[in-house]
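Residues per chain are reported as follows:
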Amino acid sequence: MDFRGTLKKNYEFRRLYSKGRSAVTPYLVVYCLKTGRDGRRVGYTVSTKLGKAVTRNRIRRRLREIYRLNADRLCDGVDIVVVARSRCVGGEYAKMERAFLRACAELKLLKEPEE
């Protein structure tokens, strides 16, 4: 069962920013913190500096889809926050996905491939 919880409270985001580890790419920043719970929770941040609501919502939808398609490759028991950077505004979807996977690999969030 792949249960995806969401981070919505300000204190949850602040906890990840202060205590979590981060990986930076040109398209996004990924913060993670091990929780020991079953499943994982994810939150998305898209600043108003990136554009108006239509632009921000489009970026958020793309980030959610990237996460959804790669969720089975991620480890459980972590909270994740994905922060969009300015290159996401006009960036290609494939490059955003590669950046997300690269950041997750750097944070050791990807499961080991089963042989």
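That block above? That's the structure.
From a predicted model like this one, the values you see are computed outputs, not experimental measurements.

### Re the packing of helix α2 (residues 53-70) against helix α3 (residues 93-106)
Thought 1: Contact pair α2 / α3: the axes reach a minimum separation of 10 Å and the direction vectors enclose 55°. Taken together, the axes of α2 and α3 lie oblique to each other. Where α2 crosses over α3, the handedness of that crossing is right-handed. For the pair α2 and α3, the contacting residues are Arg62, Leu63, Glu65, Ile66, Tyr67, Leu69 and Asn70 in the first and Tyr93, Met96, Glu97, Phe100 and Leu101 in the second.
Thought 2: In the contact of α2 with α3, the residues fall into eight nonpolar, one polar and three charged.

### Some details on the side chain of Thr25
Thought 1: As for its placement among the helices and strands, Thr25 is situated in the loop between β2 (21-24) and β3 (28-34).
Thought 2: Classification of Thr25 as buried rests on a relative accessible area of 5%.
Thought 3: Leave out the neighbours within four places in its chain, and Thr25 touches Arg85, Ala99, Arg102 and Ala103.

### As for the pattern of salt bridges
Thought 1: Counting across every chain of the model gives five salt bridges.
Thought 2: Where Glu12 meets Arg41, a salt bridge forms, and the shortest distance between an N and an O atom there is 3.2 Å. Placement of the pair is Glu12 in helix α1 (residues 10-19) and Arg41 in strand β4 (residues 40-45), with a sequence separation of 29 residues. Each member of the pair, Glu12 as well as Arg41, carries the same accessibility label: buried.
Thought 3: With a shortest N-O distance of 2.7 Å, Glu65 and Arg68 are connected by a salt bridge. Remark: Arg68 and Glu65 occur in helix α2; sequence separation between them is three residues, near one turn of the helix.
Thought 4: The class for Arg68 is exposed, based on a relative accessible area of 51%.
Thought 5: Each of Glu12, Arg15, Arg41 and Asp79 takes part in salt bridges that share partners, so that together they form one network.

Rules used in this analysis
- Residues numbered from 1 in each chain as written.
- Predicted model: local features only at pLDDT ≥ 70, side-chain atom pairs only at ≥ 80, totals over all residues.
- Heavy atoms only, no water.
- Axes fitted to C-alpha atoms, helices over the stretch in contact; angles between N-to-C directions.
- Helix = DSSP H or I, 4+ residues; strand = E, 2+ residues; numbered from the N terminus.
- Parallel < 35°, antiparallel > 145°, perpendicular 65-115°, else oblique.
- Left-handed = near helix turned anticlockwise from the far one by under 90°.
- Contact = heavy atoms within 4.5 Å.
- Nonpolar A, V, L, I, M, F, W, Y, C, P; charged D, E, K, R; others polar.
- Buried < 20%, exposed > 50% of the residue type's maximum accessible area, 1.4 Å probe, protein only.
- Salt bridge = Lys/Arg side-chain N within 4 Å of Asp/Glu carboxyl O.

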